[in-house]
Amino acid sequence: MKRTRAAGAAADGASTTEGHAATKAAPVRASASVPAGRAARSASTCRDATARAAAAHNAARVATPCATPTGATPRAIASAVVAPTTASAAAAHASAATRRLFLLFACIAPVSLLRAPRAQAATAPVDWLELHNTHTDATLRVTFRNAAGFIPAALAQLDLILFDQRSGEHRAMDPQLFVLLADLAAAAEVEPRYDIISGYRSAATNETLRKNGGGQAKQSQHIQGKAIDVRLKGVSTERLRDLAVALGRGGVGYYPKSDFVHVDTARVRYWEG
């Protein structure tokens, strides 16, 4: 009886040892004594579970590329890592290209904005004057030139305010005389606002003034509509004279006692009266 039990114990020990060896060799076999049908069902169940796990893993990769499920194979992990890296690189490249385009337009736009006014100033002058007749106290403010050129209606208004107050006559003045006044104000960095001492002068008026010792030239440029005696508001007559001489557009006469400057569009010459 004792021998039988010992033999049975030895047999059980052998079975247990073989069971451990089988478990290490093939995890799906729990022991050597598992029936064939049960072992088949277990193997099928494992295959189904593996397939479901793989499908779940693939779905997770599509939905969340950065996710790496626990238990995934090395190939699955590599795919999960490479995919987001490639996407991140593409996004970074696109972002860098966008920044380059933004910087390009940011550099070009200010240059375009800075150059536009200069081109406009060179090709499309807009000149205006404000003239105050010191004899009639009339004031005229008018734009006499724009991008299309001189404005006839404005020139006619300027001719009227520069009339000969003694005879009541007026004539067409040289438009370049108005350009000269606008440029003098620009050189002085003030608005072109002038007090008018004398504009057009008829031949009769000019002769009367000469006979009274006024010092007027016999062939005064005032008679030709090419001269004007002025004061520029906010600027001394001495400085106005210097600016007119620097421009060199025609005659410049300085009258410090009467405090005005004569400018004309005839030949260049200078004097003091």
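Treat the numbers as computed from the prediction; the structure is a model and nothing was measured.

Engineer: How would you explain the overall build of the protein if you had to name every residue and give the values?
Structural biologist: Scanning the protein from N- to C-terminus turns up 7 helices and 8 strands. Counting all 273 residues of the protein, 28% fall into the buried class. Residue pairs at least 24 apart in sequence account for 50% of intrachain contacts in the protein once pairs closer than 6 positions are excluded. Carbon and sulfur atoms provide 59% of the accessible area of the protein, an area that totals close to 17200 Å².

Engineer: Let's hear about the pattern of salt bridges: which residues, and what values?
Structural biologist: The tally for this structure, following the rule as stated, stands at 11 salt bridges. Notably, a salt bridge pairs D183 with R249, separated by 2.6 Å at the nearest N-O pair. Here the residue D183 occupies a position in helix α5 (residues 175–188), and R249 occupies one in the loop between α7 (237–247) and β6 (251–255), the gap between them amounting to 66 residues. Residue class for R249 comes out partly exposed when judged on its relative accessible area of 37%. For the salt bridge of D242 with R241, the shortest nitrogen-to-oxygen distance reads 3.0 Å. Of the residues examined, D242 reaches a relative accessible area of 40% and is grouped as partly exposed. The structure contains a network of salt bridges with shared partners spanning E130, R141 and R193.

Engineer: Residue-level account of the packing of α5 against α7, with values.
Structural biologist: Contact geometry of α5 with α7 gives a least axis separation of 10 Å together with a crossing angle of 115 degrees. The angle between the axes of α5 and α7 places the two elements in the roughly perpendicular class. Both α5 and α7 take part in a crossing whose hand is right-handed. The segment α5 lies against α7, with L180, D183, L184, A187 and A188 engaging R239, L240, L243, A244 and L247. Partitioning the contact of α5 with α7 into residue classes produces 8 nonpolar, no polar and 2 charged.

Engineer: With reference to specific residues and values, describe the environment of R145.
Structural biologist: Note that R145 resides in strand β2 (residues 139–146). Sequence separation between R145 and F178 is 33 residues, and the spatial gap between their C-alpha atoms is 9.5 Å.

Engineer: Outline the sheet that holds strand β4 (residues 193–198), listing residues and values.
Structural biologist: Taken together, 8 strands build an open sheet; the order of strands is β3-β2-β1-β4-β5-β7-β6-β8 and the sheet is mixed. Every interior strand has two partners, whereas the edge strands, β3 (149–150) and β8 (269–272), have only one. Relative to strand β7 (residues 260–264), strand β5 (residues 227–232) runs antiparallel, the two being bridged by 4 bridges. Pairing of V230 across the sheet is with V261, part of β7.

Cut-offs used in this document
- Throughout, residues of each chain are indexed from 1 in the direction in which the sequence is written.
- Only residues with pLDDT of at least 70 get local features here, since the model is predicted, and only at 80 or more are side-chain atom pairs given and counted; chain-wide, interface and lining totals rely on the full set of residues.
- The basis for the side-chain values is all heavy atoms of the structure; hydrogens and waters are excluded.
- Put simply, DSSP marks the helices as runs of H or I at least four residues long and the strands as runs of E at least two long, and each gets a number from the N terminus on.
- Exposure classes here rest on a 1.4 Å probe applied to the protein chains alone. A residue is buried below 20% of its type maximum, exposed above 50%, and partly exposed in between.
- Every residue pair with non-hydrogen atoms within 4.5 Å of one another is taken to be in contact.
- Accessible surface area values rest on a Shrake-Rupley calculation with a 1.4 Å probe, where residue burial reflects the displayed protein chains alone.
- When a carboxyl oxygen of Asp or Glu is within 4 Å of a side-chain nitrogen of Lys or Arg, the pair counts as a salt bridge.
- For helices, the axis comes from a line fit to the C-alpha atoms of the stretch in contact; other axes are also lines fit to C-alpha atoms, and the angle between any two N-to-C directions lies between 0 and 180 degrees.
- Reported orientations rely on four angle classes, namely roughly parallel under 35 degrees, roughly antiparallel over 145, roughly perpendicular from 65 to 115, and oblique for the rest.
- Put simply, a crossing is left-handed when the front helix is turned counterclockwise from the back one by less than a right angle, and right-handed when it is turned clockwise.
- Residue polarity follows a fixed list, in which Ala, Val, Leu, Ile, Met, Phe, Trp, Tyr, Cys and Pro are nonpolar, Asp, Glu, Lys and Arg are charged, and the others, Gly among them, are polar.
- Strands were regarded as paired on the criterion that DSSP finds at least two bridges between them.

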